[in-house]
Structures are given as C-alpha cells and as structure tokens.
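Per-entry structural report
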Amino acid sequence: MAPYSSPSSRGSGIARPVVSAAMLTLCALTLSACGSEDKADAGTAVTTRVTDATGTKVKVPATPERVVALSETDVDASLALGVEPVGLTAGRGRKGAPQYLADQAKSIPVVGAVTGPDIEKVVQAEPDVILAGQLADEQVLAQLRKIAPTVATIDDTKDWKKALQLTGTTLGKADEAEKFLADYGTRAAALRSDLGDQAGASVSVARYSAKGTAVMQQGVFISEVLKDLGFERPGIQNDKGEGHSTPLSDENLQEIDGDWLFIGSLDAGTDADLLGELARKPAYQQLGAVRQKHATVVDGTRWTSLGGAQAAVSVLDDIRKAMVK
C-alpha cells in the first residue's frame, strides 16, 4: 500500500510561522520551541513537505517533537505510531481522551473539545506540528497555522487508513504506519477465515443514547472495518448517510435487523444493563438478532465515533469474541 503522501527532503532550517502575540511571548521564553534556526548535520533534512488531506502543502519538521492532536483519530494514530502528543482534544462524551485510549493518554493535557480547539491552550502546549483531523473552519485553521505547521489528516472519505498514512508521513513514522496497516490486514484476514459459517453474515451497527437509536451507514469508520471483513449490511446501512449517524424511530427499527447487532454506547463500560433494557422494549423484541441473542453492547468511543487505527484493531477483537466460537 502506497503512502498517502510522500515527503521530500529540504536542507534548510525550520520555517518560521507568523505567530500570535501570545506565541511571541512564549518564544521569548523558549526560543527553541518557536521555529528558531536549528543547524543540521550535513545531508540531514530538518524539514519536509507533506500534502495534507485538503491538498495543502505544509512544511513540517522532519522529526516533530511536540505534537498537538485535535481529533480522536489523530490521538489514536499518534499513540499507535509511538508518539505521545503534548495536547489533545477530548473525545465525544469525555473530559479527556476516548475511553479506549485513556490509559495511554492519561498524562496528556486537554487543549479543546470535539466542538473545536482552545487556541490559548494550544499556544501553551508549544507545538511544532498540529494534527487538525477534519477541521474545516478556515478562521480556526488560520489561527492554528500562526502557531505551528498545521496538517489536516482526514479527507472527505473519512478513511482511517489514509489518515494513518498521512500522520505517519507527517511525524516521520511512515514505515511504522505501513507496518501497522500490514499487521491489521493480517489480523483481519485471520478473523475473516475464523468466522466459519458466520462469514458474510448480515451485521448491523447502531448507537444508543438518551435521544434514542441511530444507525451507522456507509462513509463512516465502522462501516469500513466491517467491509474489510466481508460482512453484509441490512437496510439503509448499505447507503451513504448524510451525517455521522441516522436517527431511527422505533417504528423503523427493522432497518437495524440483521444476523448480528452491535450497539455502541458512550457509557458501555458502566451501563452493563443496557442490553437488558433494550431487550424489554417491544421494538427491539421484534429484532431477530435480539431474539437469537446475537446482540452485543460495545464501546461507542471505539465503534461509533470517529475511529482510528487502534480502534480498528479493537473492533476486530470485539467481533472475534462475539462471533467466533
């Protein structure tokens, strides 16, 4: 698999971004963190250019040391590649990193939420690279670019594999990204083989909250993982959704009926009674997957959120536990 974008070496010092007043104050205290010239050994590149997910060419340090990750996917990818960010935005429904990354990220300061970064906190983190996920607000992006080189990592396809490759290129970890993807491919192939008579089963994924049930359609993270495993998807899950998930009324709940049902909850770790609660609802009682005890509550921070490299591997583990006998 070819990398999402290939770096080209540059032999000059790190480019100096235009900085905000707050950043200038920090520069006076910590010159080396603000793009001051750093002499390189002969033949050693200190910067490289990457083409980000929007097609923008960005000059970044060849080996970034202070990375701010502004999406769940960016946090996941950075940690998967052995890089601990110096700042992250909180995951959905969380005050910190997504639940599945909580142990790895417990010492990383929070610099924003899913609604957007806190610019002053980003400045305080003194990044030399900012991973901006799918951030599309041009005004916010302009502010971030004044702080440090900013790379949008997620394109319109929301493909976590492409995002991982681009992150690997940006962080000087392209080889590590390719190795991760190769290992994932091996694990996915092994699971597909071990599914036995469940291979090609119809698998439905929904998310549940106080607002009700919503179904995960095409064009989102979990649908790509299920596609790698060769599963069928029932009803409207074969179609691309307009947003991250599509709300369903109880009257239309048959849209999530399949051989297997995985229900994502952001509180799955503490809400052990959720499946029993749903099974008592008349609309859920009509579902074949519920009657056959083929319904499972899963961690929504991995399954039904933005997703990422480590989330994809953990989904494989959940499916193996549920479906391989």
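The structure this text deals with has already been given above.
Notes on the structure follow. (Residues numbered from 1 in each chain as written. Predicted model: local features only at pLDDT ≥ 70, side-chain atom pairs only at ≥ 80, totals over all residues. Heavy atoms only, no water.)

1. Some words on the side chain of S223
Selection criterion: Here a helix means four or more residues in a row that DSSP labels H or I, a strand means two or more in a row labelled E, and each is numbered from the N terminus. For this analysis, a polar contact is any N or O atom pair within 3.5 Å, provided that within protein one partner can donate a hydrogen and the other can accept it, and provided that sequence-adjacent residues contribute only side-chain to side-chain pairs. The criterion used for residue contact is that any of the two residues' heavy atoms lie within 4.5 Å.
Position of S223 relative to the elements: it lies in helix α8 (residues 221-228). Side-chain polar atoms of S223 contact the backbone oxygen of Q217, separated by 2.5 Å. A polar side-chain atom of S223 sits 2.9 Å from a polar atom in the side chain of R233. In this structure S223 touches M216, Q217, Q218 and R233, once residues within four positions along its chain are discounted.

2. What about the sheet that holds strand β14 (residues 295-299)?
Heads up, the condition is: In short, DSSP must find at least two bridges between two strands for them to pair. Inter-axis angles, ranging from 0 to 180 degrees, are taken between N-to-C directions of lines fitted to C-alpha atoms, where helices are fitted over the stretch in contact.
Strand order in the open sheet formed by five strands is β12-β11-β10-β13-β14, and the pairing between neighbours is mixed. Bordering the open sheet on either side are β12 (246-248) and β14, each of which pairs with just one other strand. Here the strands of the sheet are splayed against their neighbours by 35 degrees on average, with no regard to which way each runs. As judged from the three bridges shared by strand β11 (residues 212-215) and β12, these two strands associate in the antiparallel manner. Paired with T213 across the two strands is L248, which belongs to β12. Relative to the sheet, helix α13 (residues 309-323) contacts β10 (203-209), β13 (260-265) and β14, its axis offset from that of β13 by approximately 135 degrees.

3. What to know about the packing of α8 against α13
Selection rule: Roughly parallel means an angle under 35 degrees; roughly antiparallel means over 145; roughly perpendicular covers 65 to 115; every other angle is labelled oblique. Left-handed describes a crossing whose near helix is turned anticlockwise from the far helix by less than a right angle; the clockwise case is right-handed. Gly falls in the polar group here, along with every residue not listed as nonpolar (Ala, Val, Leu, Ile, Met, Phe, Trp, Tyr, Cys, Pro) or charged (Asp, Glu, Lys, Arg).
Where α8 meets α13, the closest approach of the two axes is 11 Å, and the angle between their N-to-C directions is 55 degrees. Our classification of the angle between α8 and α13 gives oblique. Crossing of α8 over α13 shows right-handed handedness. Contacts between α8 and α13 pair F221, I222, V225 and L226 from the former with A311, A312, V315, L316 and I319 from the latter. For the contact of α8 with α13, the class distribution of residues is nine nonpolar, no polar and no charged.

4. Brief notes about the environment of L275
Tracing the sequence through the fold places L275 in helix α9 (residues 274-279). Put simply, L275 and V297 are 22 residues apart on the chain and 6.3 Å apart in space, counted from C-alpha to C-alpha. Apart from the residues within four sequence positions on either side, L275 is in contact with I263, A295 and V297.

5. Points about the nonpolar core
Under the convention used in this document: Among buried residues, the Ala, Val, Leu, Ile, Met, Phe, Trp, Tyr and Cys ones that are joined through side-chain atoms within 4.5 Å form a nonpolar core. A 1.4 Å probe rolled over the protein chains alone gives each residue an accessible area, and that area as a share of the maximum for its type sets the label: buried under 20%, exposed over 50%, partly exposed in between.
Ranked by internal contacts, the top residues of the largest apolar core, which has 44 residues, are W160, L164, I222, F231, F262, I319 and M323. For this core, the elements supplying multiple residues, two or more each, are α2 (72-80), α6 (160-170), α7 (174-194), β10, α8, β13 and α13. The residues contacting I222, other than those within four sequence positions of it, are V205, M216, W303 and V315.

6. Looking at the packing of aromatic side chains
We apply this condition: The pairing test for Phe, Tyr and Trp rings, Trp by its six-membered ring, is centres within 6.5 Å, and the orientation test on the planes gives stacked under 30 degrees, edge-to-face over 60, and tilted for anything in between.
Applying the stated criterion across every chain, the model contains two aromatic pairs. Judged by centre distance (4.9 Å) and plane angle (85 degrees), the ring pair of W160 and Y184 falls under edge-to-face. Residue W160 is located in helix α6, and its partner Y184 is located in helix α7; the two are separated by 24 residues in the primary sequence. The exposure classification of W160 matches that of Y184, with both residues buried. Measuring from ring centre to ring centre gives 4.7 Å for F262 and W303, while their planes differ by 25 degrees; the resulting arrangement is stacked. In this pair, F262 sits in strand β13 while W303 sits in helix α12 (residues 300-303), placing the two residues 41 residues apart along the sequence. Neither F262 nor W303 differs from the other in exposure class; each is buried.

7. Quick notes on unusual backbone geometry
Phi is positive for E126, close to 50 degrees, though the residue is something other than glycine. For E126, the position within the fold is in the loop between α4 (119-124) and β8 (129-131). We note that K158 has phi near 60 degrees; this positive angle belongs to a residue other than glycine. In this structure, K158 sits in the loop between β9 (150-151) and α6. Judged by relative accessible area, K158 falls into the partly exposed class, the value being 31%.

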